[in-house]
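# What the coordinates show
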Amino acid sequence: MGLLFVESLPGPKVFKCKHCGVDSASPDAIVSKEFRGRHGRAYLFDSVVNVSFGPNEDRILMTGMHIVNDIYCSCCQRLLGWRYEKAYNEDQKYKEGKYILEKSMMVKE
Ligand SMILES: [Zn+2]
């Protein structure tokens, strides 16, 4: 890895990685709070920052088959959630290109 560039988000209530405190997502980017992750509640975001991506994986979720990438904090490399690369069901297409962050991996400051 080269030099690490950390992006900061504006605003008082930003979601941060619980482990290293780097910014992860803005509350303005929340699409839905009605998601479940591996560890309970999870939020769907339009955009996130300071993450790196795992390889594409087929994964069967409650809403059917998807291609997803796990997303990791780019500072501490902890697993934060995943990104929807592709949804096969028409009614799930809105999730493509969006990000799940596990609530249990975040702090809001
Ligand atoms: Zn982190």
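Residues numbered from 1 in each chain as written. Predicted model: local features only at pLDDT ≥ 70, side-chain atom pairs only at ≥ 80, totals over all residues. Heavy atoms only, no water.

An unreviewed UniProt entry lists the protein under the name Protein yippee-like, with Setaria viridis given as the organism. According to UniProt, the comment filed for the protein under the heading Sequence similarities (unreviewed entry) is "Belongs to the yippee family." (UniProt positions renumbered as here; feature names shortened; annotations may be inferred.)

Here the focus is the sheet that holds strand β2 (residues 23-25). Strand order in this open sheet of three strands is β2-β1-β9, and the pairing throughout is antiparallel. Each edge of the open sheet carries a strand with a single partner, namely β2 and β9 (106-108). In this sheet, neighbouring strand axes are inclined to one another by 45° on average, regardless of whether the strands run parallel or antiparallel. With three bridges joining them, strand β1 (residues 15-17) and β9 adopt antiparallel strand pairing. Bridged to Phe-15 within β9 is Lys-108. (Pairing = 2+ DSSP bridges. Helix = DSSP H or I, 4+ residues; strand = E, 2+ residues; numbered from the N terminus. Axes fitted to C-alpha atoms, helices over the stretch in contact; angles between N-to-C directions.)

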